[in-house]
Amino acid sequence: MRSAALRRCLAPALPAALPPSRGLCGRRARGAEAARKITENAKKSLASLKRENPQLEPTLAIIQAHNDHLIQEINKNFAKEVGLHVIHISLPEGSSKDEIVYEILRLNEDPNVQGLALDLPESLYSSKVLNAVKPEKDVDGLSDVNLGRLVRGDAHDCLVPPTACAVMELLEDTGGKTVLLVGAGGAVGAALQCMLQREGAATLSCRWKAPQLQTKLRHADVVVVGSTKPDDVPVSWIRPGTTVISCSHGLLSEKHNYGQQNNHAAENAVGSLAIAMRMQNMVKNMERWIQSQQYRKWDLCCLKLQPLSPVPSDIEISRAQSPKAVDVLAKEIGLLTDEIEIYGQTKAKVRLSLLERLKDQPDGKYVLVAGITPTPLGEGKSTVTIGLVQALTAHLNINSFACLRQPSQGPTFGVKGGAAGGGYAQVIPMEEFNLHLTGDIHAITAANNLLAAAIDARILHENTQSDKALYNRLVPVVNGVRGFSAIQLARLRRLGINKTDPGTLTEEEMSKFVRLDIDPSTITWQRVVDTNDRFLRKITVGQANTEKGFVRQAQFDIAVASEIMAILALTTSLQDMKERLGKMVVANDKNGEPVTAEDLGVTGALAVLMKDAIKPTLMQTLEGTPVFVHAGPFANIAHGNSSVLADKIALKLVGERGFVVTEAGFGADIGMEKFFNIKCRASGLVPSVVVLVATVRALKMHGGGPNVTAGAPLKKEYTEENLQLVADGCCNLQKQIQITQLFGVPVVVALNVFKTDSPAEVDLVCKIAKQSGAFDAVPCNHWSAGGRGAVKLAQAVEKAANQKNSFKYLYSLELPIVEKIRIIAQKVYGAQDIELSPAAQLQVDRYTQQGFGNLPICMAKTHLSLSHQPERKGVPTGFILPISDVRASIGAGFIYPLVGTMSTMPGLPTRPCFYDIDLDPITEQVTGLF
């Protein structure tokens, strides 16, 4: 009887061994019966898989490089019987190995192909060709990976070559017998030797030209022929009664002549049985493929930290750590190879197809990191975010993901510096994080400026052409045929013109179609650049003679202030992004109606420019835990949060017990409020916990401490113990806790500890925070100690996430625009009331009339105070919040009132960061980033 290991190799449903039969007809019948049963069982197994997975379309690709159509037909017939779809790639005879490998690599990356087999001439079965096939698609089991697993006895983890399985099925008990493999080298020969030896057979192998061939043939009980017998080897060398089985490639169509002892029926039986077993392997591969699509427990190997004291600079710490290769990290957290697009060694884009694969996987816990009202002294939200996930995953063995915004290069080269965290709680490599990343901001810049160019060009062309000339250019005759593009047909439908033939439009319909009649004074769409450049805050465009006198004042914004960035952060799919891009209002026409990107016909082009930017970028922390970096909308005129898509993907990957930690820009009164009222509405996600970040010295400033000058030494109030100043400043912390409680979410205070903080000051802050309603308040040392310094914070967050959560929005979208603004001003900022300028009221009325009144509110105000006056620290009261203007980002989906003036283009200081940034021309290392 065959061993249990061999039975596992052949298939779970392999029929029991038939009675011994040395006769030709018996072996032929046994092979046919085995092929029938294997096919029948494979068919049943596949039908069961399809019932459980209705969308399953199993596809086997077979690369063939000869003109024999018989094997092709047999493969198709077996596949059809089992229920498999087969794609034949028929290459011409004489194709080179490189041409074969090219096709293999192409099919390796095709997500619609789950299995790959080769039907090639003997000369093409080289190691280069066989190992080009991905092991997970190798249904013939010929790659070194599959053979290695077979040799090691890992039968459950490999696919056994079907030809070898077929030979073993046809042979009777081989225990104690001598089996000679002639001309059966390579992968099939190696597999046969391994399987025969496990059955107790003594195996020998030799070439047809071997000098000892005659002697070996005389002593063999079984001869397995792997290639065509040369004419100069007489049949008489084979001992009468010897079992002879041929397993050469193409044996179904080649003629063999081994004499009367030849078992040609067995040859045909091997061929048919091998193809049946190939289909069985394909079904087994489908079972594995389905399992691979399911959520997998992480197998994360965290990186070790050896913190130094004093703590080196951020870039020195980053460079001292050797990050994992990003494909290794991706595999550790359960990403499939076809779900990532690798950028260099440490970054990869993650495809949105993952959301469909894991759609039934429960989400993990959702944590937001916010802060007190910012001060020049810094609070360290990004550092807390990174320290928290390092603690959760590297020290508590809990799956966690950080989701961060991509930093603009404006602040990186300006005054603020980078945004990768700091100390021993960073995203690495920090220079790649802060510079270019994967080009998303450049894609946004290109898309934004294409739309800006389209606006001015359209105005120019409408001003200088008749309706007929415009129509002829917008709907040209191409190869004698005139037709509307898809986006033009959509515009016709919006205009109520239900025609598809360009020749049937009336003059009035033509005029409506070609004329957008943009009012230049209402254009709100500006050009952008990702550089702090104050001299672009007001510019004049159209001064060249070629623009025929069409001159207007305009401006540049910084790239992250583009509405396209806000859309990227809020979109939930490619289709959703395309629809949002089309809805962007760029101006009004001369009748006061909105003009959109869709009207300009540019939506599809914008989507093309953004097709890669929509995919989150995977990076890692200093301790090797995963991070998504995606989107970076301005936190004042936009909502200041990373992307919905990154959060959604991360929540699936961490599993039900895992945590996703993301960050809101500025203080809780701005970033957190927008996160809840805008981002959570767009995503449908419900936060589990808020982590509110504070520092002793920032609280001292809110308590009345002296102003801080950049670059100057801190005054003694910030470096010496001052409990009264801390107590007075805690009013801001208390207010932010109260704001969090408006939304019904538990809050944990994370106190970033500095070496100048006294134990009494730290204890006082934690005590006041708990008394004010925080679930817990925890001192953190992750900046100097890495994840180990945030373990207590991680434990507090884990406990808080299990508390009752009564999350609710602050206001109903059905309320009037002004009332929604008032609720935010009074309940969040503590204002007595609001006051709209006449211009702001006019815009509110216009947006309401245009049907945009039900959008959420994104307040654009200073982040340096709860009020509209940056110098007022602590908790100002009794103020009237002035609304100077109201604007709309219709594609992103919010109205943004302006509180006072709001710059969307930062300027460079007297001494920008770029003075310290340099490149070593020998090592190519970046220096000076922080």
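Quick summary incoming for the structure in this document. Along each chain, numbering runs from 1 in the same order as the chain's sequence is written. In view of the model being predicted, local features appear only for residues whose pLDDT reaches at least 70, and side-chain atom pairs are presented and counted only at 80 or more, with totals across whole chains, interfaces and linings using the full set of residues. Side-chain numbers here rest on the full set of heavy atoms in the structure, without hydrogens or water.

What to know about helix H32 (residues 817-829)
Phase 1: If you check H32, its first and last C-alpha atoms are 17 Å apart, about what 13 residues at 1.5 Å a residue would give, namely 18 Å.
Phase 2: We call two residues contacting when some pair of their heavy atoms lies within 4.5 Å. Per the convention used, a helix needs a DSSP run of H or I reaching at least four residues, while a strand needs a run of E reaching at least two, with both numbered from the N terminus. Where H32 is buried, its residues contact helix H25 (668-683), helix H28 (723-741), strand E28 (833-836), helix H33 (838-849), strand E29 (880-883) and strand E31 (894-898).
Phase 3: Backbone geometry just downstream of H32 places glycine 830 in the positive-phi region, at approximately 85 degrees. The span you would expect from a helix comes to 1.5 Å times its residue count less one.

Topic: the packing of aromatic side chains
Phase 1: Aromatic pairing here means that ring centres of Phe, Tyr or Trp (its six-membered ring) are within 6.5 Å. Orientation follows from the plane angle: under 30 degrees is stacked, over 60 is edge-to-face, and everything else is tilted. Considering all chains together, one arrives at twelve aromatic pairs under this definition.
Phase 2: For the ring pair tyrosine 366 and phenylalanine 675, a centre distance of 5.6 Å and an interplane angle of 45 degrees mean the geometry is tilted. Note that tyrosine 366 is positioned in strand E10 (residues 365-371) and phenylalanine 675 in helix H25, a separation of 309 residues in sequence. Both residues of the pair, tyrosine 366 and phenylalanine 675, count as buried.
Phase 3: Three or more aromatic residues joined by ring pairs make a cluster, and in this case those are Tyr366, Phe675, Phe676, Phe743, Phe807 and Tyr809.
Phase 4: Of note, lysine 861 hangs over the ring of tyrosine 829, and the distance from its end group to the ring centre comes to 4.7 Å. Note on exposure labels: buried denotes an accessible area under 20% of the residue type's maximum, exposed denotes more than 50%, and partly exposed covers the range between, all computed with a 1.4 Å probe on protein chains only. Criterion for a charge above a ring: Lys NZ or Arg CZ within 6 Å of the ring centre, and within 35 degrees of the ring normal.

What about the packing of helix H17 (residues 440-464) against helix H21 (residues 563-570)?
Phase 1: Direction vectors running N to C along H17 and H21 enclose 125 degrees, while the axes themselves pass 9 Å from each other. Taken together, the axis directions place H17 and H21 in an arrangement best described as oblique. Where H17 crosses over H21, the handedness of that crossing is right-handed. Here Ile441, Ile444, Ala447 and Asn448 of H17 lie close against H21, whose contacting residues are Ile564, Met565 and Leu568.
Phase 2: Each residue is assigned to one of three groups, with Ala, Val, Leu, Ile, Met, Phe, Trp, Tyr, Cys and Pro labelled nonpolar, Asp, Glu, Lys and Arg labelled charged, and all others, Gly among them, labelled polar. Broken down by class, the residue content of the contact of H17 with H21 amounts to six nonpolar, one polar and no charged. Between N-to-C directions, angles cover 0 to 180 degrees, with each direction set by a line fitted to C-alpha atoms, over the stretch in contact for helices. When describing relative orientation, an angle under 35 degrees is termed roughly parallel and one over 145 degrees roughly antiparallel, while 65 to 115 degrees is termed roughly perpendicular and anything else oblique. Here is the rule for handedness: rotate from the far helix to the near one, and if that takes an anticlockwise turn smaller than a right angle the crossing is left-handed, while a clockwise turn gives right-handed.

What to know about the state of the cysteines
Phase 1: In plain terms, two cysteine sulfur atoms within 2.5 Å form what is called a disulfide here. Per the stated rule, a full pass over the model turns up zero disulfides.
Phase 2: Free of any disulfide, cysteine 731 has its nearest cysteine sulfur in cysteine 730, 8.0 Å distant.
Phase 3: Residue class for cysteine 731 comes out partly exposed when judged on its relative accessible area of 25%.
Phase 4: Residue cysteine 858 stays outside any disulfide, its sulfur separated by 14 Å from that of cysteine 680, the closest cysteine.
Phase 5: Note on cysteine 858: relative accessible area 0%, which makes it buried.

Topic: the sheet that holds strand E2 (residues 85-90)
Strand pairing in a sheet is mediated by backbone hydrogen bonds. Such pairs are either parallel or antiparallel.
Phase 1: Between any two strands, pairing holds if DSSP finds at least two bridges. Spatial ordering of the open sheet is given by E2-E1-E3, a layout of three strands whose pairing is parallel. The open sheet has two free edges, formed respectively by E2 and strand E3 (115-119), since each of these has just one partner strand. Direction aside, the axes of adjacent strands within the sheet are offset by 20 degrees on average.
Phase 2: Two strands pair when backbone bridges link them, and strand E1 (residues 59-64) and E2 are joined in this way by six bridges, in the parallel orientation. Looking across to E2, one finds that leucine 60 is bridged to valine 86.
Phase 3: Together, E1, E2 and E3 form the strand contacts of helix H3 (residues 69-82), whose direction differs from that of E2 by roughly 165 degrees.
Phase 4: Relative to E1, helix H4 (residues 97-108) is tilted by about 170 degrees, and along the sheet it contacts E1, E2 and E3.

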